[in-house]
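# Inside the fold
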Amino acid sequence: MKDQSLSFLWCNFSKIVKWQGKRLKMEWPAGEPKKERTHVTVKVQREKMIDIYLRVGLEVPLRKLKLAYCDRVGLDCDEVRFTYDGTRIGDNQTAGDLEMEDGDVIDAWSDQWGGSGGASASSCI
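Residues numbered from 1 in each chain as written. Predicted model: local features only at pLDDT ≥ 70, side-chain atom pairs only at ≥ 80, totals over all residues. Heavy atoms only, no water.

## Topic: the overall build of the protein
Across its full length, the protein holds 2 helices and 7 strands. Here the protein holds 125 residues, and 22% of them are scored as buried. When contacts within the protein are restricted to residue pairs at least 6 apart in sequence, long-range pairs at least 24 apart make up 50% of them. (Helix = DSSP H or I, 4+ residues; strand = E, 2+ residues; numbered from the N terminus. Buried < 20%, exposed > 50% of the residue type's maximum accessible area, 1.4 Å probe, protein only. Contact = heavy atoms within 4.5 Å.)

## Quick look at the sheet that holds strand E3 (residues 39-45)
The strands that make up a sheet are held in pairs by hydrogen bonds between backbone atoms, and each pair lies either parallel or antiparallel. Here we have 5 strands laid out as an open sheet, ordered E4-E3-E7-E5-E6, and mixed in their pairing. Strands at the two margins of the open sheet, each flanked by one partner only, are strand E4 (52-57) and strand E6 (87-88). Pairing between E3 and E4: 6 bridges, direction antiparallel. Across the sheet, residue Val44 finds its bridge partner in E4, namely Ile52. In the packing of helix H2 (residues 63-73) onto the sheet, the strands contacted are E3, E4, strand E5 (80-84) and strand E7 (105-110), and the crossing angle to E4 comes to about 155°. (Pairing = 2+ DSSP bridges. Axes fitted to C-alpha atoms, helices over the stretch in contact; angles between N-to-C directions.)

## Here's the deal with the nonpolar core
Membership of the largest hydrophobic core comes to 19 residues, with the highest contact counts inside it found for Val44, Leu65, Tyr69, Phe82, Met100 and Ile106. Mapped onto this core, the elements with two or more residues apiece are E3, E4, H2, E5 and E7. Contact partners of Tyr69, with chain neighbours within four places excluded, come to Val44, Arg46, Ile52, Leu54, Phe82 and Ala108. (Core = buried A, V, L, I, M, F, W, Y, C linked by side-chain atoms within 4.5 Å.)

## A closer look at unusual backbone geometry
With a phi close to 55°, Asp85 is a non-glycine residue in the positive phi region. Of note, Asp85 is situated in the loop between E5 and E6. The class of Asp85 is exposed, set by a relative accessible area of 67%. Positive phi values are uncommon outside glycine, yet Glu99 reaches one of about 55°. As for its placement among the helices and strands, Glu99 is situated in the loop between E6 and E7. When its relative accessible area of 63% is taken as the criterion, Glu99 is described as exposed.

## Comments concerning the pairing of E3
Put simply, side chains in a regular strand alternate between the two faces of the sheet. Once E3 ends, the chain turns through 6 residues before running back antiparallel as E4, passing Lys48 with a positive phi of about 60°. As paired elements, E3 and E7 share 3 bridges and run parallel to each other. When the sheet's bridge partners are listed, Lys43 is paired in E7 with Val105.

## Here we look at the packing of aromatic side chains
Scanning all chains against the criterion turns up 1 aromatic pair. Relative to Phe82, the ring of Tyr69 lies with its centre 5.8 Å away and its plane at 85°, an arrangement referred to as edge-to-face. Here Tyr69 is found in helix H2, whereas its partner Phe82 is found in strand E5, with 13 residues between them in sequence. Judged by its relative accessible area of 0%, Tyr69 falls in the buried class. (Phe/Tyr/Trp six-rings, centres within 6.5 Å; stacked < 30°, edge-to-face > 60°.)

The following block contains the structure:
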């Protein structure tokens, strides 16, 4: 049974892969066009929290992804900043605009308030 399934896999694999000198070249058979992608699945991560995977359309404003993430983790969307490749994501930008691919990571950052402990900068001198 294994021999038959392996030969079937090899036949289908050999239709896609062609030897080109010392390298393999991937080609799709003429009758089977590539599917054009319309969605990507991205990971939204935040420090000390569980990573959440969200699927978003390439032409959908990322504002919807932000709202979905904040709704799932129970945060106010006005207090969270989202960055992709180190740049802040605008509400009207899309995954297609940012050329996102499956598995890309979006970082969620919480705005931090306070932290001075009551001491002013001038009293530390």
